[in-house]
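Remarks on the overall topology
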Amino acid sequence: MDTSQPRRRREWMIAAGLILLALVPSIAGAFRIGEIASGAPETDANARFMQMPLPVVLHIAGALVYSIVGAFQFLPGLRRRHNEWHRFAGRYLLVPAGITVGATGLWMTAAYDVPPTDTGAVAFSRYVVGGLMLAFIALGVAAVARRDYFAHGSWMIRAYALAMGAGTQVLTSGPALIFFGEPDAMFRLIQMDAGWIINALFAEWVIARRRRAARRPATISV
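These notes cover the structure that comes with them. This one's a predicted model, so the numbers in the text were calculated from it and none came from an experiment.

Before going further, it helps to examine the packing of aromatic side chains. Inspection of the entire model under this criterion finds seven aromatic pairs. Measuring from ring centre to ring centre gives 5.7 Å for Tyr 66 and Tyr 160, while their planes differ by 45°; the resulting arrangement is tilted. A residue pair is termed long-range when its members are at least 10 positions apart, and Tyr 66 in helix α3 (residues 53-73) and Tyr 160 in helix α7 (residues 149-163) qualify at 94 residues. Like Tyr 160, Tyr 66 is buried. The ring of Trp 155 carries the charged tip of Arg 158 above its face, separated from the ring centre by 4.6 Å.

Dropping the structure here:
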């Protein structure tokens, strides 16, 4: 029995879900770039971006490439059918974009004058996540260089999950913001860390499924 069509539909649904998760932060990023490009008036919310636009512009551009192109890199069927594209996109688009996202995240955390709720523990979390993302990408590149493709995929899934934290943070912070207003420092930390932790746990679940699938004996479809 041919199961390729349902599998392909499921894979495309996964890609669509990942792109949807990135949609809200992508729209916010496009709005921010529009503010900078048009020379919008400075406010308390945008002053740091208007005064030092380079890191946030690089961060947003890198995140757009990383989230959208990356959504298609983890689809097994697409990767098998278009392996050359997978390699090209990974080498020339995703690795540079991922490094840009992680590095500019660290840069903004260090350089920007942020609201009090984003200092202290939240800033520490940003440093940890940015550092881990860069480390995971480096480990993924090292793994593919030694032809350990399972490890390569696992490290890249982990890096992508952390990068997509901004999308999940819309879900962990948005409803509370609507109903309760701006959070204090503790709730801000919980909301931000929840997005990264949820994604990290989901990544480990996906990796565990890949490991089990790799251990199963191959079957022949009829």
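Another point: the layout of surface pockets. Approximately 2,100 Å³ is the volume attributed to the largest pocket. Considering the residues around the largest pocket, the lining is formed by 50 residues, among which Phe 74, Leu 75, Pro 76, Arg 79 and Arg 210 are closest to the centre. Elements with a minimum of two residues in the lining of the largest pocket: α1 (4-38), α3, α4 (76-81), α5 (83-111), α6 (121-145), α7 and α9 (185-215). Among the elements that line the lining of the largest pocket, the one with the most residues is α9, at ten residues.

Attention shifts here to the environment of Gly 167. Locating Gly 167 in the fold gives a position in helix α8 (residues 165-180). Given a relative accessible area of 7%, Gly 167 falls into the buried group. Considering only alpha carbons, one finds Gly 167 and Arg 126, 41 residues apart in sequence, at a separation of 15 Å. In contact with Gly 167, not counting residues within four places along its chain, are Leu 21 and Pro 25.

With that out of the way, let us pick up a positive patch on the surface. A grouping of Arg 7, Arg 8, Arg 10, Arg 80, Arg 81, Arg 209, Arg 212 and Arg 216 is seen on the molecular surface, where their side chains present a positively charged patch. Contributing elements (two or more residues each) for the positive patch: α1, α4 and α9. No other element matches α1, which puts three residues into the positive patch.

Taken together, the side chains of Leu 20, Leu 23, Val 24, Ile 27, Val 170 and Leu 171 present a nonpolar region at the surface, about 550 Å² in accessible area. Those elements that provide at least two residues to the nonpolar patch are α1 and α8. With four residues, the single largest contributor to the nonpolar patch is α1. Its place among the elements puts Val 170 in helix α8.

Two elements in contact, α8 and α9, have axes separated by 8 Å at closest approach and are oriented at 135°. The orientation of α8 with respect to α9, classified from their angle, is oblique. Two packed elements cross with a definite hand, and for α8 against α9 that hand is right-handed. Only Gln 191, Met 192, Ala 194, Gly 195, Trp 196, Ile 198 and Asn 199 of α9 make contact with α8, whose side of the interface consists of Gly 165, Thr 168, Gln 169, Thr 172, Ser 173 and Ala 176.

Quick notes on the rules
Residues numbered from 1 in each chain as written. Predicted model: local features only at pLDDT ≥ 70, side-chain atom pairs only at ≥ 80, totals over all residues. Heavy atoms only, no water. Phe/Tyr/Trp six-rings, centres within 6.5 Å; stacked < 30°, edge-to-face > 60°. Helix = DSSP H or I, 4+ residues; strand = E, 2+ residues; numbered from the N terminus. Buried < 20%, exposed > 50% of the residue type's maximum accessible area, 1.4 Å probe, protein only. Lys NZ or Arg CZ within 6 Å of the ring centre and 35° of its normal. 1 Å grid on protein atoms, 1.4 Å probe; cavity = no way out; pocket = protein on both sides within 12 Å on 5 of 7 lines; lining within 4 Å. Points joined across faces, edges and corners; volume = space filled by probe spheres on them. Contact = heavy atoms within 4.5 Å. Patch = residues over 30% accessible without salt bridge, like charges linked within 9 Å, V, L, I, M, F, W, Y side chains within 5 Å. Areas by Shrake-Rupley, 256 points an atom, 1.4 Å probe, with all protein chains shown as cover. Salt bridge = Lys/Arg side-chain N within 4 Å of Asp/Glu carboxyl O. Lys, Arg positive; Asp, Glu negative; His and termini not counted. Charge placed at Lys NZ, Arg CZ, Asp CG, Glu CD. Axes fitted to C-alpha atoms, helices over the stretch in contact; angles between N-to-C directions. Parallel < 35°, antiparallel > 145°, perpendicular 65-115°, else oblique. Left-handed = near helix turned anticlockwise from the far one by under 90°.

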